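Residue-level listing of the chains:
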Amino acid sequence: MGAVWERIEGCAAAIRRHTDFQPEAALVLGSGLGGFGDLLRTEAAVGYGEIAGFPTSTVPGHAGQFLFGYVENRPVVVMQGRIHYYEGYSMEDVVLPIRVMGALGAKELLLTNAAGGVDRGLAPGDLMLLTGQITSFVPSPLIGPNQEELGPRFPDMTEVYSLRLRGRARDAAERLGIPLKEGVYLQTTGPNYETPPEIQMFSLLGASAVGMSTACEAMAARHMGMEVCGISCITNMAAGISERPLSHAEVQEAADKASGNFQRLVWEYLRQA
Ligand code: HPA
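The rules we used
Residues numbered from 1 in each chain as written. Predicted model: local features only at pLDDT ≥ 70, side-chain atom pairs only at ≥ 80, totals over all residues. Heavy atoms only, no water. Helix = DSSP H or I, 4+ residues; strand = E, 2+ residues; numbered from the N terminus. Near = heavy atom within 4 Å. Polar contact = N/O pair within 3.5 Å; in protein donor to acceptor, adjacent residues only side chain to side chain. Areas by Shrake-Rupley, 256 points an atom, 1.4 Å probe, with all protein chains shown as cover. Salt bridge = Lys/Arg side-chain N within 4 Å of Asp/Glu carboxyl O. Buried < 20%, exposed > 50% of the residue type's maximum accessible area, 1.4 Å probe, protein only.

Chemist: Would you take a moment to explain unusual backbone geometry for this structure?
Modeler: Trans peptide bonds make up most of the peptide bonds, and negative phi angles are found at most residues other than glycine. The step from Gly-190 to Pro-191 runs through a cis peptide bond, and the omega angle for that step is 0°. With respect to the helices and strands, Pro-191 occurs in the loop between strand 7 (181-187) and helix 5 (196-204). Despite not being glycine, Glu-72 shows a phi value in the positive range, around 55°. Among the structural elements, Glu-72 can be located in the loop between strand 3 (65-71) and strand 4 (74-80).

Right, dumping it as structure tokens:
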């Protein structure tokens, strides 16, 4: 058995000692969606600290727990507090929670995040459905001995973000009358924001938005056959596009401002099977 797979199974078993909840879908809460947990009809909560060998988030405002509960009648597992590569964790640690949620039975994954707008057609407060991603600026989470229990050595990444789930997100946005932009997400390591020349390069490469998470998670989920959807909240225009310097406080504030629509969209999306 692969060592990583053994670790995933160990974490899943630790969670199973707290709850036998069977999630259909998994959700990762990004900035601005922290309040989503309050909407959930929660059956169980398991803190990352209660799972032996589990990484814990060091970012302020990220609680660090799994919530198990219902969005109407749909059983979901929610990651409240994600692990970021810039915290110093290995990519294996960063994607571990995603793989554990998959091992617990979640077939679908919705990833949310805050991102900087690279495409000038975006504006702060916009919600953007991910149509593709550029992961070339961060190490692959699949480096190392392949875990055959999860997926193949050389997995296809043609359709990281499921066409079917993108359709579901578009339908949900349309029903609510919430505008939903679309674009390509590029992941950097962070923790620094980018320089204006970097943003210019990312624009030339085809990126619509830039952030410090998500793409590696989507890759690990696809590797194990989960169906993935992603939505970014554009909290700021990226460096050099906006003339103002970037600050975490401003990003947080913009995320909080957009949280009402973001939460409604995610709820509407998740409540459908
Ligand atoms: N760059 C990287 N990550 C981000 C940004 C940004 O401009 N905004 C929110 N997350």
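Chemist: Please explain the site of the ligand as it appears in this structure.
Modeler: Lining the immediate environment of the ligand, one finds Ala-114, Ala-115, Gly-116, Tyr-193, Glu-194, Val-210, Gly-211, Met-212, Thr-235, Asn-236, Leu-246 and Val-251. Within the side chain of Glu-194, a nitrogen or oxygen atom sits 2.9 Å from a nitrogen atom of the ligand. Burial of the ligand by the surrounding chains reaches 95%, relative to a free accessible area of 260 Å². Residue assignment for the shell around the ligand shows that the elements contributing at least two residues are strand 5 (108-117), strand 8 (209-211) and strand 9 (227-237).

Chemist: Looking at this structure, I do not really get the pattern of salt bridges. What am I missing?
Modeler: Close approach of charged atoms allows side chains with opposite charge to pair. What the rule picks out here adds up to 14 salt bridges. For Arg-7, the salt bridge identified is with Glu-92, shortest N-O distance 2.9 Å. Linking Arg-7 in helix 1 (residues 3-16) with Glu-92 in helix 3 (residues 91-103), this pair joins segments that are 85 residues apart in sequence. Overall, Arg-7 belongs to the partly exposed group, its relative accessible area being 24%. For Glu-92, a relative accessible area of 30% translates into the label partly exposed. Arg-244 is the partner of Glu-250 in a salt bridge, and the nearest nitrogen-oxygen pair spans 2.5 Å. It is possible to trace a salt-bridge network through shared partners that takes in Glu-24, Arg-74, Glu-108, Arg-164, Arg-168 and Glu-227.

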